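Structural description and commentary
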Amino acid sequence: MRTTTTPRRGPARTPLVRRWRQAADRHLNPVQRSLLVTWVSFGLTFGAVRVITHGIRGGWLPLGNVSAGGEHLHHYNFGIATLAGLGLIAVRGDERAVGHPAVAAAYGCGTALICDEFALLLDLQDVYWAKQGRISVDLSLGVLSVLGAYLTARPFWHEIGRITGRHLASAATGGVRAAA
């Protein structure tokens, strides 16, 4: 008769996210952490905005454009407001805010909102949906985001890769075992 047992999870097995945090503590100084949060929030915001705008235009998202007083508010307006607010924090000189992850995330988000509509700001015409240049802009900003996040914390990402590989290998070999 064959029986199965579940793999043992003792104190030696540290959760993956905790090991990622330990790697961050070893490899990232405060400036690198802020830069990493900035680049990642930039990339996530840029991607989310592209999906949302396509969903609104395609009618497959139950959202609509934001307007005030009958005027359409472009998302670069929110980006400019975000960066202006961060500028106020910087001018005020609040030491607790310097390098704070929330400030870094807001900076990345605000910058992405502006960059996504850069063609509109450059030409002062609503060319957001024009084909010329959109593919190259999307691709270049996506690549810049990934490259920035990688270069900001290269040793950290290498260790994350090693930790994740060992974790997956351990999970694969520590599966269900048959008892004789």
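Residues numbered from 1 in each chain as written. Predicted model: local features only at pLDDT ≥ 70, side-chain atom pairs only at ≥ 80, totals over all residues. Heavy atoms only, no water.

1. Focus on the packing of aromatic side chains
Inspection of the entire model under this criterion finds three aromatic pairs. The interplanar angle of 5° and the centroid separation of 6.3 Å between the aromatic rings of Phe 42 and Phe 46 together place this pair among those described as stacked. On the criterion of helical spacing, the pair formed by Phe 42 and Phe 46 is a turn pair, its members being four residues apart in helix 2 (residues 30-58). Looking at Phe 42, the relative accessible area reads 8%, which means it is buried. Given the relative accessible area of 6%, Phe 46 is considered buried. Cluster of aromatic residues (ring-pair linked, three or more members): Trp 39, Phe 42 and Phe 46. (Phe/Tyr/Trp six-rings, centres within 6.5 Å; stacked < 30°, edge-to-face > 60°. Helix = DSSP H or I, 4+ residues; strand = E, 2+ residues; numbered from the N terminus. Buried < 20%, exposed > 50% of the residue type's maximum accessible area, 1.4 Å probe, protein only.)

2. A look at the environment of Val 66
With respect to the helices, strands and loops of the structure, Val 66 is situated in the loop between helix 2 and strand 2 (67-68). Here Val 66 falls in the partly exposed class, since its relative accessible area comes to 42%. In this structure, Val 66 is in contact with Glu 71, His 72, Leu 73 and Phe 78, ignoring residues within four places of it in sequence. (Contact = heavy atoms within 4.5 Å.)

3. Some words on a nonpolar patch on the surface
Side chains of Val 143, Leu 147, Tyr 150, Leu 151 and Trp 157 sit close together on the surface and give an oily, nonpolar patch of about 440 Å² of accessible area. It is helix 6 (residues 134-152) that contributes the most residues to the nonpolar patch, four residues altogether. Looking at the secondary structure, you find Leu 147 in helix 6. We classify Leu 147 as partly exposed; its relative accessible area is 41%. (Patch = residues over 30% accessible without salt bridge, like charges linked within 9 Å, V, L, I, M, F, W, Y side chains within 5 Å. Areas by Shrake-Rupley, 256 points an atom, 1.4 Å probe, with all protein chains shown as cover. Salt bridge = Lys/Arg side-chain N within 4 Å of Asp/Glu carboxyl O.)

4. Some remarks on the nonpolar core
One finds Leu 16, Ala 23, Ala 24, Leu 28, Leu 36, Ala 149, Ala 153, Phe 156, Ile 160 and Ile 163 forming the largest nonpolar core, which totals 10 residues. If we skip the residues at most four places from it in the chain, Leu 16 touches Ile 163, Thr 164 and His 167. (Core = buried A, V, L, I, M, F, W, Y, C linked by side-chain atoms within 4.5 Å.)

5. Points about the confidence of the model for the protein
Looking at the protein, the pLDDT average stands at 81 and 82% of residues meet or exceed 70. Across the protein, element-level confidence peaks in helix 3 (residues 75-92) with a mean pLDDT of 90 and bottoms out in strand 4 (residues 177-179) with 43. Here residues 176-180 scores under 50 on pLDDT; set against residues more than four positions off or in separate chains, the count is 10 contacts. (pLDDT = per-residue confidence, 0-100.)

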